[in-house]
Amino acid sequence: MIYLTRRERFNAAHRLFRKEWTDEENYEVFGKCSNPNWHGHNYQLFVTIKGDVNPKTGFVINLKQLSKIVREKVISKIDHKNLNLDVDFMQGKITSAENIAIAIWNEIETDVNKLDCFLHCVKVVETENNSIEYYGNK
Ligand code: NI
């Protein structure tokens, strides 16, 4: 078994908040990410797959195919967008890095697993100091 990771980047705005809470209550829980007038992050997304090396190619999968899936299913929908307002797969969710990672996993898992490999990890890096890794619902 071998692991391969593809990095993509996106820039997006968001706000962490519960609408039934006051701005003060939201700040208490979500800190600066609860700013009522939004803010942005330069996110990095690392998608890791696992599989066996194909002896004919020496590759586990064709990276172009993986990149195409991630770009079409995820990056095209979230880059330079507002995660709370613009992104179909984040509707009704708190736009934490945790929920972003889970939602991205759900968006790409079926297509990635058709590539003769298995999706292993979706990592979302929100800041230099904070990142989330999701390994699926298991
Ligand atoms: Ni934030």
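Use the structure listed above.
Now for a description of the structure that goes with this document. (Residues numbered from 1 in each chain as written. Predicted model: local features only at pLDDT ≥ 70, side-chain atom pairs only at ≥ 80, totals over all residues. Heavy atoms only, no water.)

Details of the overall build of the protein chain
Then comes step 1: Per the secondary structure count, the protein chain includes three helices and five strands.
Then comes step 2: Reading the protein chain from its N end, one meets helices and strands in the order β-α-β-α-β-α-β-β.
Then comes step 3: Evaluated residue by residue, the protein chain yields a buried proportion of 41% over its 138 residues.
Then comes step 4: By sequence separation, contacts in the protein chain at least 24 residues apart represent 65% of the contacts at least 6 residues apart.
Then comes step 5: Roughly 8,400 Å² of accessible area belongs to the protein chain as shown, and the carbon and sulfur atoms make up 48% of that amount.
Then comes step 6: Of the side chains in the protein chain, 19 bear a positive and 19 a negative charge, and the two mean positions are spaced by 8 Å. (Helix = DSSP H or I, 4+ residues; strand = E, 2+ residues; numbered from the N terminus. Buried < 20%, exposed > 50% of the residue type's maximum accessible area, 1.4 Å probe, protein only. Contact = heavy atoms within 4.5 Å. Areas by Shrake-Rupley, 256 points an atom, 1.4 Å probe, with all protein chains shown as cover. Lys, Arg positive; Asp, Glu negative; His and termini not counted. Charge placed at Lys NZ, Arg CZ, Asp CG, Glu CD.)

As for the coordination of the nickel ion
Ideal values differ by geometry: the angle at a metal is 109.5 degrees with four tetrahedral donors, but 90 or 180 degrees with six octahedral donors.
Then comes step 1: Summarising the metal site, the nickel ion is bound by the protein donors His-14 (NE2), Cys-33 (SG), His-39 (NE2) and His-41 (NE2), whose distances to it range over 2.0 to 2.1 Å.
Then comes step 2: Geometry at the nickel ion is tetrahedral, judged from the four donor atoms that bind it and their angles of 92 to 128° at the metal.
Then comes step 3: Considered as a linear motif, the donors of the nickel ion on their single chain read H-x18-C-x5-H-x1-H. (Donors = N, O, S within 2.8 Å, 3.2 Å for Na, K, Ca; no water. Tetrahedral: all angles 85-135°; square planar, octahedral: opposite > 155°, others 65-115°.)

What about the pairing of strand E1 (residues 2-14)?
Then comes step 1: In the sheet, E1 pairs with strand E2 (residues 39-51) via 13 bridges, with the strands oriented antiparallel. Paired with Thr-5 across the strands is Thr-48, a residue of E2.
Then comes step 2: Relative to strand E3 (residues 81-82), E1 runs parallel, the two being bridged by two bridges. Note on E3: the bridge partner recorded for Ala-13 is Asn-82. (Pairing = 2+ DSSP bridges.)

So, the packing of aromatic side chains
Then comes step 1: In total, this model carries three aromatic pairs according to the counting rule given.
Then comes step 2: Consider the rings of Phe-10 and Tyr-43, whose centres lie 4.7 Å apart with planes at 10°: the pair is stacked. With Phe-10 in strand E1 and Tyr-43 in strand E2, this residue pair connects regions lying 33 residues apart in the sequence.
Then comes step 3: The class of Phe-10 is buried, set by a relative accessible area of 1%.
Then comes step 4: With a relative accessible area of 1%, Tyr-43 lands in the buried category.
Then comes step 5: Taken together, a centroid distance of 6.1 Å and an interplanar angle of 25° make the contact between Trp-21 and Phe-30 stacked.
Then comes step 6: A relative accessible area of 31% places Trp-21 in the partly exposed class.
Then comes step 7: For Arg-15, the ring lying beneath its charged end belongs to Phe-17, and the centroid distance is 4.1 Å. (Phe/Tyr/Trp six-rings, centres within 6.5 Å; stacked < 30°, edge-to-face > 60°. Lys NZ or Arg CZ within 6 Å of the ring centre and 35° of its normal.)

Thoughts on the sheet that holds E2
Then comes step 1: Taken in spatial order, the five strands make up an open sheet running E3-E1-E2-E4-E5, and their pairing is mixed. Of all strands in the sheet, those with a lone pairing partner are E3 and strand E5 (131-134), marking the two edges.
Then comes step 2: Relative to strand E4 (residues 118-125), E2 runs antiparallel, the two sharing seven bridges. Looking at the pairing, Gln-44 lines up with Val-125 of E4.
Then comes step 3: Contacting E1, E2 and E3, helix H2 (residues 63-78) runs over the sheet at an angle of about 20° to E1.
Then comes step 4: Against the sheet, helix H3 (residues 97-112) engages E2, E4 and E5, with an angle of about 150° to E4. (Axes fitted to C-alpha atoms, helices over the stretch in contact; angles between N-to-C directions.)

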